[in-house]
Structure formats: C-alpha cells, structure tokens
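Here's the letter readout for the chains.
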Amino acid sequence: MATAGKMLDARIFNSKVKSQNVTGKEKWLGYLLGPCGALLFNAVMATYLNVYYTDVLGLGTVWGGMFLVIFPIISKIIDAITNVIMGVVIDRTRTKQGKARPWLLLSAPLVAVTGVLLFIVPGGNQTLQIIWVMLSYNLYYSIAYTIYNMSHNLMVPLSTRNTSQRGVLAVFNNISTIMMSGIVVALIFPMAIIPSLGTSKTMWIICMSILSCISLPLVLVEYYFTKERVTAESNGQAEKKIPFTLQLKAIFTDKYMLLLLGYFLFYTLTSQLKNVALPYYCNYVLGTYSDGITQTLVSVLGGIPMGIGIFAVWPLAKKFGKKNITVAGFVLYALGSAICWIAPTNLYIVLVGQFIKNIGGLPCAYVFMALFADALDNLEWKNGFRCDGIAMSATSPRSRRLPKR
C-alpha cells in the first residue's frame with residue numbers, strides 16, 4: 001500500500017505531455033495560456049508599480065525624492081545575484097520532471113503571495129512603509145519572479161532539439177507576452193482600469209491582488225503541459241556536475257552567446273526605462289493625467305505590428321534566416337526611434353515612430369528565444385555539456401518585456 005501511495009504521489013507531478021513531438025495541447029496550454037497569469041501581473045508591475053508608490057502611497061518625496069531612485073538600483077544588484085544563484089541551482093537540479101519544470105511548480109504560490117504583499121503596504125508610519133516596500137519588492141522580484149522567469153524561459157530551449165518545433169514554441173511563448181502586455185496592459189489598463197482605480201489604495205489592493213492570485217492556477221497549467229525532452233535524454237542517469245567556472249568560460253568565450261547577451265542586456269535596460277517612464281510621459285507631455293486616451297493611442301499604434309507579426313515573422317525567419325530578419329528589424333527599430341526623437345511632444349509624429357519602431361521589434365519579440373536555444377545547443381556541441389541555467393541567468397531580468405509601445 002505504501003509503495004502504491006508513493007507511485008500515486010509521483011504521478012501527480014508528471015507532465016500531461018507524453019509525446020516525443022510537440023503537441024497541440026503543449027503549444028496552446030503550456031506555452032500560450034499557462035504563462036499568461038504571471039506575465040500579465042509582471043507586465044502590470046513593470047508599468048504601474050512605480051505609479052502606485054508615487055501617486056497612491058506618496059513615496060515620491062521620501063529622502064528628498066531619492067528613495068525611489070536608490071532602492072531599485074540596490075534591488076537590481078540583489079536581483080542579478082539571485083539570477084546567477086538560480087541559474088546554478090537549475091543546472092544542478094536532477095529530477096524525473098526535469099531541471100527547470102520543478103521550479104515552475106514552486107514559483108506558482110510564491111508569485112501569488114509576494115504579489116499581494118507588494119500592495120498591502122501598512123499605512124501611517126512612513127518608516128514601516130519603507131521597510132515593507134523594500135522587503136516585498138525584493139521578495140517578489142529577486143526571489144519569486146526570478147524562480148518563475150528563469151524556469152519559464154528555459155522551457156523553450158529544453159523542450160526539444162527539433163529546431164522547427166522549438167521555433168513554433170518560441171512564437172507561442174511570446175504570443176502570451178504580447179497578449180498580456182500589448183493588449184491587456186497597454187490598451188485596457190490605461191483606458192478602463194487605471195482611471196477607475198484613481199488614487200484609492202483599497203481599489204489598487206483589490207485589483208492587483210486578484211491579478212496576482214490568477215497567476216497561481218495558470219502557472220500550474222504551464223507546469224503540467226510542458227515537457228523537458230532535452231533533459232530526458234539522460235534517461236534518468238545522473239549528469240556529471242560541471243564546475244561553475246568552466247560553464248562561465250564556455251559562455252563568455254562563445255561569440256554567438258556574447259552577441260545575444262550583449263544585445264539583450266542593452267535592450268532590457270532601455271526597455272525598462274521606457275516602461276517606467278511611459279505613464280508619466282503620456283500623462284504630462286503628450287496628454288493629461290490618466291485621461292484614458294493618450295497612452296491607449298500610443299499603445300495601439302505601437303502594438304498593432306505585434307498582432308500582425310504573429311502570422312508574419314516566423315515564415316519570414318524561415319525564408320531569410322533568423323539572424324538576417326533580426327538585423328533588418330534593428331534598422332527599422334532605429335528609424336522609428338529617430339522619428340520619435342525628432343518631435344517628442346508631437347503626438348502624431350510619435351505615433352508614426354512607434355508604429356515603425358515596433359515593426360522593427362518583431363524579430364526580437366518572436367525569434368530571440370529560438371536564437372538563444374540554438375546558441376545553447378551550439379555551446380553543448382562545442383564543449384560537451386549544457387549551460388542552460390547559467391546562460392539564462394543573464395537573460396532573465398525581472399521585467400522582461402517585449403517591445404510593444
């Protein structure tokens with residue numbers, strides 16, 4: 001009876017995907033629907049958490065306005081450290097469910113609970129508020145979301161060695177991000193949700209707590225409908241533990257990996273600055289405070305290419321090559337940005353620039369993870385071992401957002 005019970009317990013954690021080839025359920029549930037909850041909440045945080053701190057909690061004046069400048073920088077350093085630690089942990093994880101998928105399961109309740117903690121900041125004592133904000137911010141970003149984001153992003157590279165199937169999964173994986181950040185957060189939130197929340201702390205807590213809790217069942221869906229076929233190639237045999245320094249050497253002596261890491265880190269830094277500044281830019285430069293129109297217009301004209309790109313970018317990448325289509329995208333992205341820079345206070349010119357810029361951003365949105373998976377395979381071919389977790393730690397900043405506005 002005890003043995004039967006253990007077998008039943010083990011089956012509870014098994015993937016629902018049995019096929020050695022990518023299945024329809026895997027694409028639609030594991031890579032499209034499952035990630036929507038956590039990605040939606042994180043996209044909302046990337047744009048509106050700072051607004052909550054300044055406009056609702058009134059923390060913009062703390063330490064002469066320097067608190068909201070200094071503590072995110074310190075948190076970034078902590079986040080970078082925990083990313084590397086999590087990368088090492090994943091690379092050394094050995095389970096029948098894989099090395100990344102088990103961490104998806106753990107992240108589900110962590111993301112939900114820490115997401116709520118971000119907003120239930122006690123009132124009255126400002127010192128207590130500051131301590132609560134710093135602790136909850138790092139619990140969510142440096143621990144909970146780091147665990148989710150690292151394991152989530154590794155599912156495409158570890159899903160299969162079939163580059164065609166892996167490319168399709170990469171597209172589905174990024175469609176979920178585009179749907180959440182490019183439609184719900186960029187369109188619905190500034191037009192309908194944020195104006196109704198106003199500066200009511202109670203309304204913010206209710207709304208954001210609901211969004212945070214939605215992530216839990218959806219992350220479980222992602223866990224059950226994904227499968228690590230690459231990891232399963234070991235047939236349950238223990239892999240040789242590769243020294244951390246040897247993995248780092250393999251990564252930072254590979255020109256393809258260095259190009260991808262350098263580009264992605266630069267893009268992420270500038271993208272995060274843009275995401276934080278966008279609501280203020282629309283409220284005080286292009287429009288009026290929370291008018292529900294300006295930010296929506298910017299998002300619609302910037303986001304339309306992302307919807308079109310779902311059907312266009314992967315066929316183009318297959319015809320012209322992932323690298324070539326990405327380079328062409330860089331040129332358009334630079335052109336669109338230059339148009340916005342010429343007249344940053346003119347709404348119509350900015351809308352044109354955003355449209356062109358996001359056409360150029362399509363390859364990054366839909367092709368990058370497939371390129372990254374190819375680079376990981378190349379590392380394994382050259383060195384005889386995989387560096388999935390360590391490499392991913394450099395491409396998993398807390399607010400990974402795809403270009404949309």
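As a convention, each chain's residues are numbered from 1 in the sequence order in which they are written. Only residues with pLDDT of 70 or above have their local features reported here, since the model is predicted, and side-chain atom pairs are shown and tallied only from 80 upward, although totals for entire chains, interfaces and linings are computed over all residues. Side-chain descriptors were evaluated using all non-hydrogen atoms of the structure, hydrogens and water having been removed beforehand.

J.: So what's going on with the environment of Gly60? Residues and values would help.
T.: Secondary structure elements are taken from DSSP: a helix is a run of H or I of four residues or more, a strand is a run of E of two residues or more, and numbering for both begins at the N terminus. Mapping Gly60 onto the fold places it in the loop between helix H3 (36-56) and helix H4 (67-91). Each C-alpha atom, one on Gly60 and one on Asn50, is 9.2 Å from the other, the two residues being 10 residues apart in sequence. The residues contacting Gly60, other than those within four sequence positions of it, are Tyr53, Thr54, Gly65 and Leu68. For this analysis, residues touch if any pair of their heavy atoms sits within 4.5 Å.

J.: Lay out the layout of surface pockets with the relevant residues and their values.
T.: One number sums up the size of the largest pocket: a volume of about 790 Å³. In the cavity and pocket records, a cavity denotes points on a 1 Å grid over the protein atoms alone where a 1.4 Å probe fits but cannot get out, a pocket denotes an open set with protein on both sides within 12 Å along at least 5 of 7 lines, and lining residues are residues with an atom within 4 Å of a point. Taken together, 31 residues make up the lining of the largest pocket; nearest its centre are Pro72, Lys76, Tyr137, Gln272 and Val276. Of all the elements in the fold, those that place two or more residues in the lining of the largest pocket are H3, H4, helix H6 (126-159) and helix H11 (255-286). Looking at the lining of the largest pocket element by element, the count peaks at 9 residues for H4. Each residue gets one of three labels, nonpolar for Ala, Val, Leu, Ile, Met, Phe, Trp, Tyr, Cys and Pro, charged for Asp, Glu, Lys and Arg, and polar for the others, Gly among them. Here the lining of the largest pocket is built from residues that sort into 19 nonpolar, 9 polar and 3 charged. When its volume is computed, the second largest pocket comes out at roughly 660 Å³. If you trace the second largest pocket, you find 28 residues lining it, with Lys274, Tyr333, Ser337, Gln354 and Lys357 closest to the centre. Within the residue set of the lining of the second largest pocket, elements represented by two or more residues are H11, helix H13 (322-342), helix H14 (347-360) and helix H15 (362-383). With 9 residues, H11 is the single largest residue contributor to the lining of the second largest pocket. Considering only residue class, the lining of the second largest pocket consists of 17 nonpolar, 8 polar and 3 charged. Grid points are joined across faces, edges and corners, and a volume is the space filled by probe spheres set on the points.

Purely geometric stuff here, so don't read any function into it on its own.
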